[in-house]
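Each chain, letter by letter, is given below.
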Amino acid sequence: MTSLSICNRYLKKITAATVIGKKISYHTNRYTFAVLALAVGCDIYAVDKLIGHTFINSTQVYAGVMMETKIEVIKNKQVFQLGYIQICTIT
């Protein structure tokens, strides 16, 4: 059994013990880590190395997801905050 299979088995057990109600795999976990790391301001090159991409282009996809998410937040007129500074409040 590969280490990826073992990891997926443990993630399945952990998820079953929670109320998440979604399938979580190694890939999902890796993707979530990358998006959250970029969201809190980690350098894209550092994230690239941490998740083991060969080319930076692969990691830039996650940065694109972050931008799309930010645009959706603004379009939906939600509060958007960066650190302690509130940038925009639309009521």
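Figured I'd write up the structure that's included with this text. No experiment lies behind these values; they were computed from the predicted model shown. (Residues numbered from 1 in each chain as written. Predicted model: local features only at pLDDT ≥ 70, side-chain atom pairs only at ≥ 80, totals over all residues. Heavy atoms only, no water.)

## Topic: the overall build of the chain
In terms of helices and strands, the chain carries four helices and two strands. N-terminal to C-terminal, the α/β element order of the chain is α-α-α-α-β-β. Across the 91 residues of the chain, 18% fall into the buried class. Taking all contacts inside the chain whose residues are at least 6 apart in sequence as the whole, residues at least 24 apart take part in 16%. In the structure as shown, the chain presents an accessible area of about 7300 Å², 63% of it carried by carbon and sulfur atoms. (Helix = DSSP H or I, 4+ residues; strand = E, 2+ residues; numbered from the N terminus. Buried < 20%, exposed > 50% of the residue type's maximum accessible area, 1.4 Å probe, protein only. Contact = heavy atoms within 4.5 Å. Areas by Shrake-Rupley, 256 points an atom, 1.4 Å probe, with all protein chains shown as cover.)

## Details of a nonpolar patch on the surface
Taken together, the side chains of Met1, Ile6, Tyr10 and Ile14 make up a nonpolar region of the molecular surface, amounting to roughly 460 Å² of accessible area. Looking at where isoleucine 14 falls in the secondary structure, it is placed in helix 1 (residues 3-16). The exposed category is assigned to isoleucine 14, whose relative accessible area is 52%. (Patch = residues over 30% accessible without salt bridge, like charges linked within 9 Å, V, L, I, M, F, W, Y side chains within 5 Å. Salt bridge = Lys/Arg side-chain N within 4 Å of Asp/Glu carboxyl O.)

## With respect to helix 3 (residues 44-51)
Residues of helix 3 that are buried: Ile44, Val47, Asp48 and Ile51. In an axial view of helix 3, the angular spread of the buried residues amounts to 105 degrees, which keeps them on one side of the axis. Exposed and facing more than 90 degrees away from the buried side of helix 3 are Tyr45, Lys49 and Leu50. By the N-cap criterion, in which a side-chain oxygen at the helix start approaches the backbone nitrogen of a residue two or three places on, helix 3 is capped by aspartate 43, the distance to tyrosine 45 being 3.1 Å. Glycine 52 sits one or two residues past helix 3 and shows a positive phi near 80 degrees. (Arc of directions from axis to C-beta. Polar contact = N/O pair within 3.5 Å; in protein donor to acceptor, adjacent residues only side chain to side chain.)

## Here's the deal with the side chain of histidine 53
Inspection of the secondary structure puts histidine 53 in the loop between helix 3 and helix 4 (56-75). Since its relative accessible area comes to 14%, histidine 53 is described here as buried. Reaching out from histidine 53, the side chain makes a polar contact with the side chain of threonine 59 at a distance of 2.8 Å. Those residues in contact with histidine 53 that sit more than four places away from it in its chain are Arg30, Asp48, Ser58, Thr59 and Tyr62.

## Topic: the pattern of salt bridges
For the structure shown, the criterion picks out one salt bridge. Note that lysine 49 and aspartate 48 form a salt bridge whose closest N and O atoms lie 3.6 Å from each other. Residue classification places lysine 49 among the exposed residues on the basis of a relative accessible area of 60%.

## Quick notes on the nonpolar core
With nine residues, the main nonpolar core is built from Ala34, Val35, Ala37, Leu38, Ile44, Val47, Ile51, Tyr62 and Met66. Where this core is concerned, the elements lending two or more residues are helix 2 (26-39), helix 3 and helix 4. The greatest single-element share of this core, amounting to four residues, is contributed by helix 2. In contact with isoleucine 51, not counting residues within four places along its chain, are Arg30, Phe33, Ala34, Thr59 and Tyr62. (Core = buried A, V, L, I, M, F, W, Y, C linked by side-chain atoms within 4.5 Å.)

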